[in-house]
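# Summary of the model geometry
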Amino acid sequence: MLLNLTVILLVILLVPLICKPLRLPSIVGYIVVGILLGPHGVGLVSDSSTMQMFGSAGMIYLMFLSGIEIDLGDFRRSFHKSMLFGILTFLIPCLIGVFTTRMLGFGWLTCVLLGSMYGSHTLMTYPVVSRYGLQRNSVVSIVVGGTMLSIMLSLLCLGAVSSVEETGSSLLASLRLVVYLILFLTIVMWLFPKIAAWFIKRNNDSAAEFLLVILLVAVAALVADRLGLQAILGAFVAGVALNRRIPNLSPLMNRISFVGNTFFIPVFLIGVGMLIDPSVFVSGWFTIAVAAVMLSSKLVGKWLAAFLAQRLMHLSSDERRLTF
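Presented here is an overview of the structure given in this document. Since this is a predicted model, take the numbers as computed values, not measurements.

## Considering the layout of surface pockets
- Space inside the second largest pocket adds up to approximately 620 Å³.
- In terms of lining residues, the second largest pocket is bounded by 20 residues, among which Pro16, Pro25, Ser26, Val128 and Arg131 are the most central.
- When residues of the lining of the second largest pocket are traced back to their parent elements, those giving at least two are helix 1 (2-22), helix 2 (26-37), helix 7 (126-131) and helix 12 (251-274).
- By residue number, the principal contributor to the lining of the second largest pocket is helix 12, which donates 5 residues.
- Grouping the constituent residues of the lining of the second largest pocket by class yields 13 nonpolar, 4 polar and 3 charged.

Printed below as a string of structure tokens:
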């Protein structure tokens, strides 16, 4: 465990310094190093339960940051655009994924499952956007809102596929997820701000305030996960709920951003690299063909969604590229 921690801290320190002169995002560097040092590389860092825990925490923290840093006023003004983009960025890659997967000879349930995976995405590039001060751009608000809708739609597809596989019926599972989602949103959006306001008003301890916020995020992620709604969705909702209680330029916000960008998110990216097994790519041509189809389906679908969003919302070409 101590070896893992030492190596990870060294990687977190050195990767940005190495990537900067190479004009590469640190995101790429962390993933590549994760591949090289992980169990499928030289094996210097083991795929331990501690690494998995920190990796999961990093993903949760990333989605929480995207929720707490979003401009709610701009988000409300762009709500309909967010919903439109969410539908586009889910439906187009999903349909392309279903078609291409079927062409590879897979069954319909597998096609729908993979299609729903293509339709969903995570905000992995959000730290880069935030570092350049672009998170307040209205397009980012549209993308963040659309991301949450795409995740919800993907989860509904997952519930339907799972139910069909287990019971032959998809309607009940989908309805159950919708009910859970409504209850979860209502409780978190109403209760969390009240808890935060009460605690901050009665305590003048910056460390305690930070720990309360982290605890609320963990609780939201845990409850969402238990309900089948995914922990990352719970973390994002917690971020939105606490958004107004934590000013963007406050010392508490600085601590939240610092801890996430300095430790949790890099560890998550390193963990992503550790999951990649390069030997799979030389195990046969069919594996390479499937990987190529998956990658191209995802990229083409997401680019088409960004292109249609540009046309329908009258965005600039730079905003289309930022969206993509």
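## Thoughts on the packing of helix 10 (residues 206-226) against helix 12
- Here helix 10 crosses helix 12 at 55°, and the two axes come no closer than 10 Å. As summarised for this structure, helix 10 and helix 12 are arranged oblique, according to the angle between their axes. Note on packing geometry: the crossing formed by helix 10 with helix 12 is right-handed. Across the interface between the two elements, Ser206, Glu209, Phe210 and Val213 from helix 10 touch Leu252, Arg255, Ile256 and Val259 from helix 12.
- When grouped by side-chain class, the residues that make up the contact of helix 10 with helix 12 number 5 nonpolar, 1 polar and 2 charged.

## Side note on the side chain of Ser257
- Structurally, the position occupied by Ser257 is in helix 12.
- Leaving out residues up to four positions away in the same chain, Ser257 has contacts with Leu65 and Glu69.

## Section: the nonpolar core
- Judged by nonpolar contacts, the single largest core of 76 residues is most densely connected at Met63 and Ile256.
- Counting residues per element, this core draws most heavily on helix 12, at 11 residues.
- Residues in contact with Met63, not counting those within four places in the same chain, are Leu123, Met148, Ile151, Ile232, Ala235 and Phe236.
- With 5 residues, the next largest nonpolar core counts Phe90, Val98, Cys111 and Cys157 among its residues.

## Quick notes on unusual backbone geometry
- The phi angle at Arg23 is positive, at roughly 60°, despite the residue not being glycine.
- As for its placement among the helices and strands, Arg23 is situated in the loop between helix 1 and helix 2.
- For Arg23, a relative accessible area of 76% translates into the label exposed.
- In the Ramachandran plot, His314 falls in the positive-phi region, its phi being about 60° despite a non-glycine side chain.
- Positionally, His314 belongs in the loop between helix 13 (285-313) and helix 14 (317-323).
- The exposure class of His314 is exposed, given its relative accessible area of 70%.

## A look at the packing of aromatic side chains
- This model, assessed by the stated rule, comprises 4 aromatic pairs.
- Here Tyr61 and Phe264 contribute two aromatic rings whose centre-to-centre distance is 5.3 Å and whose plane-to-plane angle is 15°, an arrangement assigned as stacked. Of the two residues, Tyr61 sits in helix 3 (residues 49-68) while Phe264 sits in helix 12, which places them 203 residues apart along the sequence. There is no split in this pair, since Tyr61 and Phe264 are both buried.

## Points about a nonpolar patch on the surface
- A surface patch of nonpolar side chains, amounting to about 930 Å² of accessible area, comprises Leu10, Leu13, Leu14, Leu17, Ile18, Leu22, Leu24, Val28, Val32 and Leu36.
- Put simply, the parts of the chain that give the nonpolar patch at least two residues each are helix 1 and helix 2.
- With 6 residues, the single largest contributor to the nonpolar patch is helix 1.
- Position of Val32 among the secondary structure elements: in helix 2.
- Val32 gets classed as partly exposed once you look at its relative accessible area, which sits at 39%.

Rules used in this analysis
- Residues numbered from 1 in each chain as written.
- Predicted model: local features only at pLDDT ≥ 70, side-chain atom pairs only at ≥ 80, totals over all residues.
- Heavy atoms only, no water.
- 1 Å grid on protein atoms, 1.4 Å probe; cavity = no way out; pocket = protein on both sides within 12 Å on 5 of 7 lines; lining within 4 Å.
- Points joined across faces, edges and corners; volume = space filled by probe spheres on them.
- Helix = DSSP H or I, 4+ residues; strand = E, 2+ residues; numbered from the N terminus.
- Nonpolar A, V, L, I, M, F, W, Y, C, P; charged D, E, K, R; others polar.
- Axes fitted to C-alpha atoms, helices over the stretch in contact; angles between N-to-C directions.
- Parallel < 35°, antiparallel > 145°, perpendicular 65-115°, else oblique.
- Left-handed = near helix turned anticlockwise from the far one by under 90°.
- Contact = heavy atoms within 4.5 Å.
- Core = buried A, V, L, I, M, F, W, Y, C linked by side-chain atoms within 4.5 Å.
- Buried < 20%, exposed > 50% of the residue type's maximum accessible area, 1.4 Å probe, protein only.
- Phe/Tyr/Trp six-rings, centres within 6.5 Å; stacked < 30°, edge-to-face > 60°.
- Patch = residues over 30% accessible without salt bridge, like charges linked within 9 Å, V, L, I, M, F, W, Y side chains within 5 Å.
- Areas by Shrake-Rupley, 256 points an atom, 1.4 Å probe, with all protein chains shown as cover.
- Salt bridge = Lys/Arg side-chain N within 4 Å of Asp/Glu carboxyl O.

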